[in-house]
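Here is what each chain is made of, one letter per residue.
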Amino acid sequence: MNTFSSFYLIKKLPVHELLDPGLQGAINQGVVYGLSFGTRIDEDTCVALMPKGRLVLSLDKDSYELLGVEGKPSRFNHRTCSRFVVSVDLTDSSMAPGGRGHTRLLTGLRSHLQLQTDFLLSHHPEGGASLQPLLSRYDWSKHEPEVSCRHLTDLTCPDFRSCDCHSLLEWIGAVEADISCESSSSSFLSSFTCPEPNDVLSHALSVSICGLLLPHDVQRLIQELRCHLQQTQLESWASLTVHGFIDSPVSWGDNEHGVLSGGENFYNLLMFPDHTYHLHLATGAYDTCPP
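Residues numbered from 1 in each chain as written. Predicted model: local features only at pLDDT ≥ 70, side-chain atom pairs only at ≥ 80, totals over all residues. Heavy atoms only, no water.

### Some remarks on helix α6 (residues 215-230)
Keep this limit in mind: Per the convention used, a helix needs a DSSP run of H or I reaching at least four residues, while a strand needs a run of E reaching at least two, with both numbered from the N terminus. Between the first and last residue of a helix there are one fewer steps than residues, each counted as 1.5 Å, and that sum is the expected span. Burial classes follow relative accessibility: with a 1.4 Å probe on protein chains only, a residue under 20% of its type's maximum area counts as buried, one over 50% as exposed, and anything between as partly exposed.
Spanning 16 residues, α6 covers 23 Å between terminal C-alpha atoms, matching the ideal 22 Å at 1.5 Å per step. Within the sequence span of α6, burial applies to H216, D217, V218, L221, I222, L225 and L229.

Have a look at this one:
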């Protein structure tokens, strides 16, 4: 679990740098991932660079008008149209350096809007791309995903084969938050009880990994968990929950993401030794449903 890809935090990155020809090759390969850091999707300008080469900007009305590039009103506007989303395919022929679309967006970002943001950036290490030319021009720091472990004893857990998905996800959240499922009358924190029927596990392990994780890291972790299940008892299981960033401008299927009441954006994979699994996809109540 210590082989996850590193990522970079670039301070005050001018967003027009994402259009730099030196980065274009890596973007076309589909190996670059990026997200604005410390921005709030319901108040600030948020930026995401998708692995398929799509640049997404969530802008307030004034910033959108300064940029001068066509976009769409946000799905999360209320009575007035105060927020817009601009989505640009950087792999399109018009976005090649010197192309009409590239010139228009570059001018808007560099001369009109002059947008800067702290930015998380990572790339697939096997893609052959280098971020060093970009990093050399700005203040940056390198980070590794943070891994923490908790050993659990006498854990009350439900019957996963019969437990409904809402109760299961609630139980997983309670375990991760270290909330007791005993529903003691003296507890002011939670009245939650473990769904029935349930059993008590003598030992379990909870692992938390925080950072900008790439898809191939998650896929490798799933394979490692599956191999581990094959070597353990028949009653064993493994649960993997992957959370998207709350303030990301995109969610499932590259659709727009909003916070409103919570900003949920995650999936859970519950695996068993016989290769069966339960997959649960979740997002906020006002977001587009997962595929």
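### Focus: unusual backbone geometry
A cis geometry characterises the amide bond from E196 onward to P197, with omega recorded as -5°. Looking at the element boundaries, P197 is found in the loop between α5 (165-176) and β10 (198-210). One non-glycine residue with positive phi stands out, namely K12, at about 50°.

### Thoughts on the side chain of E17
Rule in force here: Two N or O atoms count as a polar contact when they lie within 3.5 Å, although within protein this holds only if one can serve as hydrogen donor and the other as acceptor, and sequence-adjacent residues are included solely when both atoms are side-chain atoms. Contacts: residue pairs with any heavy atoms within 4.5 Å of one another.
Mapping E17 onto the fold places it in the loop between β1 (7-14) and α1 (21-29). A residue is classified by how much of its surface remains accessible, and E17, at 8% relative accessible area, is buried. Side-chain polar atoms of E17 contact the side chain of Y138, separated by 2.4 Å. Residues in contact with E17, not counting those within four places in the same chain, are L23, L134, R137 and Y138.

### Regarding the pairing of strand β11 (residues 238-243)
In summary, the side chains of a regular strand alternate between the two faces of the sheet. In plain terms, the rule: In short, DSSP must find at least two bridges between two strands for them to pair.
On β11, burial follows the alternation: A238, L240 and V242 on one face are buried, whereas S239, T241 and H243 on the facing-out side are not. Inspection of the sheet shows β11 paired to strand β12 (residues 265-271) by six bridges, in the antiparallel sense. From the neighbouring strand, A238 faces β12, where its bridge partner is M271.

### Looking at the packing of aromatic side chains
The relation between two aromatic rings is expressed through the spacing of the ring centres and the mutual angle of the planes. The condition that has to hold: In summary, the pairing rule links any two rings of Phe, Tyr or Trp, Trp by its six-membered ring, whose centres are within 6.5 Å, and it sorts them by plane angle into stacked for under 30 degrees, edge-to-face for over 60 and tilted for everything else.
Tallying each qualifying case throughout the model produces six aromatic pairs. Where Y8 meets W140, the ring centres are 5.5 Å apart and the plane angle is 75°; that geometry is what we call edge-to-face. Remark: W140 occurs in strand β8 (residues 140-143) and Y8 occurs in strand β1; sequence separation between them is 132 residues. The class of Y8 is buried, set by a relative accessible area of 8%.

### Considerations on the nonpolar core
A general feature of soluble globular proteins is that nonpolar side chains tend to end up buried together. For clarity, the cut-off: To form a nonpolar core, buried Ala, Val, Leu, Ile, Met, Phe, Trp, Tyr and Cys residues must be joined to one another through side-chain atoms within 4.5 Å.
By size, the foremost hydrophobic cluster in this structure holds 34 residues, and its most contacted members are L18, L57 and L105. Considering each element in turn, this core owes the most residues, four residues, to helix α3 (residues 100-113). Within the second largest apolar cluster, 15 residues are counted, among which are C157, A174, F192 and F272.

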